Amino acid sequence: MTRMLKKAELHCHLEGAVPPALALAQARRYGVATDAFVQGGAYVWHDFTSFLAAYDAVSGLFRSEDDYALLTEAYLDELAAAGAVYSELFVSPDHAEAVGLGADAYVAGIGRGIEAARMRSGIECRMVVVGLRHRGPERVEWAAHYAATARNPLIAGFNMAGDERMGAVADFARAFDIARDAGLGITIHAGELSGASSVRDALDVVRPTRIGHGVRAVEDPGLVARLAEEGVVLEVCPGSNVALGVFPDLAAHPLRRLQAAGVKVTLNSDDPPFFKTSLEREYDIASRIMGFSDEELDAMTRTAIAAAFVDEETRVGLLARL
Ligand SMILES: Nc1ncnc2[nH]cnc12
Ligand SMILES: [Zn+2]
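The residue numbering used here restarts from 1 in each chain and proceeds along that chain's sequence as written. By the order in which they are written, chains take letters starting at A while ligands take numbers starting at 1. A pLDDT threshold of at least 70 governs which residues receive local features in this predicted model, and a stricter bar of 80 or more applies before side-chain atom pairs are shown or counted, although totals over entire chains, interfaces and linings include all residues. By convention in this description, side-chain values take in all heavy atoms of the structure and omit both hydrogens and water.

**What about the overall build of the protein?**
So, point 1. Secondary structure summary: the protein contains 14 helices and 10 strands in total.
So, point 2. Values of the radius of gyration come from C-alpha atoms, whereas the globule rule sets the reference at 2.2 Å times the count of residues to the power 0.38. The C-alpha atoms of the protein give a radius of gyration of 18 Å, which matches the 20 Å a tight globule of 322 residues would have.
So, point 3. Buried residues are those whose accessible area, probed at 1.4 Å on protein chains only, stays under 20% of the maximum for their type, while exposed residues exceed 50% and partly exposed ones sit between those limits. A burial count over the protein gives 57% of its 322 residues as buried.
So, point 4. Residue-level accessible areas treat just the shown protein chains as cover; the underlying method is Shrake-Rupley with a 1.4 Å probe. When the accessible surface of the protein is totalled, it reaches about 12,200 Å², and 52% of it is carbon and sulfur.
So, point 5. Within this scheme the basic residues Lys and Arg register as positive and the acidic residues Asp and Glu register as negative, but His and the chain ends are omitted. To locate a charge, take atom NZ for lysine, CZ for arginine, CG for aspartate or CD for glutamate. Across the protein, 31 positive and 45 negative side-chain charges occur, with their mean positions spaced 2 Å apart. The helix count covers DSSP runs of H or I at least four residues long, the strand count covers runs of E at least two residues long, and both are numbered beginning at the N terminus.

Okay, structure coming up:
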């Protein structure tokens, strides 16, 4: 039983956390047809490309500051009820621009949701601005520039998500330089859709303290040793990896092998309802299917808080709550 364990999450896409029932309610409000991406109360997609299309369609159903405040608050309330003390949410100003909302109103709405949830349960949350790789280097630089200049204390980091098979990491180096120079925490999706060389490129070019997924590093023992040696933290999302076919099943998932090799690992939900998961289920999978003890799960939670993009006072406060 992992329900009573305290938890922390570093890797969840806000638009990927929309429950299908909320997507349907938003679609009714805005008069949008949903058959293409919700059927029988569940999201429909069959590979990464169709997952991204469904994800974009759901994002298009959130169009106002209030929509984002309510979504954020609802997600964090649910997370706090499952024992989470900390959450880092990946936010995409690109989605706000696509619906004509504008990045400032988008971030303001999310910030309101964060404050409301914190007042109720004490859960801490920070935003990590995400650039979308499949939209090309210029768009990713735009997102980095926004994150660097927004001057919002809840924006704590920068990430690149989207289709990892598009372009080389080096094409996006400037975006990460902009974010790093602004003092933001740096993480990047790598080693999910592409293999070990993608993780190596991310380490060499971007120099992140964390990697989103990174699990396909397991294809190269030398790279696993490097991750352990450099103390890079992996934001591991087992349920997502199996849902997207990165590994055939949970038994084949390399979380245990990576942890045993000394790599710093954490548990995350990625896009929970799209992958029929939740942070609580990820802890449960690690416990019941992968055989991690409660002490090992607590260690992953501490690793997450140690790697969180927060100031030291907040980190000490969070560690005290475990
Ligand atoms: N699993 C994932 N990989 C890359 N980009 C994403 N955006 C949302 N979920 C993602
Ligand atoms: Zn992700």
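**Let's talk about the packing of helix α8 (residues 196–206) against helix α9 (residues 221–230)**
So, point 1. In contact at an axis separation of 11 Å, α8 and α9 are set at 35 degrees when each is read in the N-to-C sense. The chirality of how α8 crosses α9 is left-handed. Touching A196, V199, R200, L203 and D204 of α8 are L223, R226, L227 and E230, all from α9.
So, point 2. The residue makeup of the contact of α8 with α9, split by class, is five nonpolar, no polar and four charged. Lines fitted to the C-alpha atoms define the axes, with helices restricted to the stretch that makes contact. Angles between their N-to-C directions range from 0 to 180 degrees. Two helices cross in a left-handed way if the nearer one is turned anticlockwise from the farther one by less than a right angle. They cross in a right-handed way if the turn is clockwise. In what follows, a contact means two residues having at least one pair of non-hydrogen atoms within 4.5 Å. Under the convention adopted here, Pro, Cys and the residues Ala, Val, Leu, Ile, Met, Phe, Trp and Tyr are nonpolar, Asp, Glu, Lys and Arg are charged, and Gly plus all remaining residues are polar.

**Description of the site of ligand 1**
So, point 1. Surveying the vicinity of ligand 1 reveals the residues H13, F48, F51, Y55, A161, G162, H189, E192, H213, L244, D270 and D271.
So, point 2. Contacts to ligand 1 include G162, whose backbone N or O atom sits 2.9 Å from a nitrogen atom.
So, point 3. Contact distances for ligand 1 include 2.7 Å between a nitrogen atom and a side-chain N or O atom of D271.
So, point 4. Protein chains bury 99% of the 260 Å² of accessible surface belonging to ligand 1 in isolation.
So, point 5. For the shell around ligand 1, the element with the most residues is helix α2 (residues 48–59), which contributes three residues.
So, point 6. Broken down by class, the residue content of the shell around ligand 1 amounts to five nonpolar, four polar and three charged. Proximity is defined per residue: any heavy atom of the residue falling within 4 Å of a molecule or strand makes that residue near it. Between N or O atoms, a polar contact is any pair within 3.5 Å; within protein, one atom must be a potential hydrogen donor and the other a potential acceptor, and residues adjacent in sequence are included only when both atoms are from side chains.

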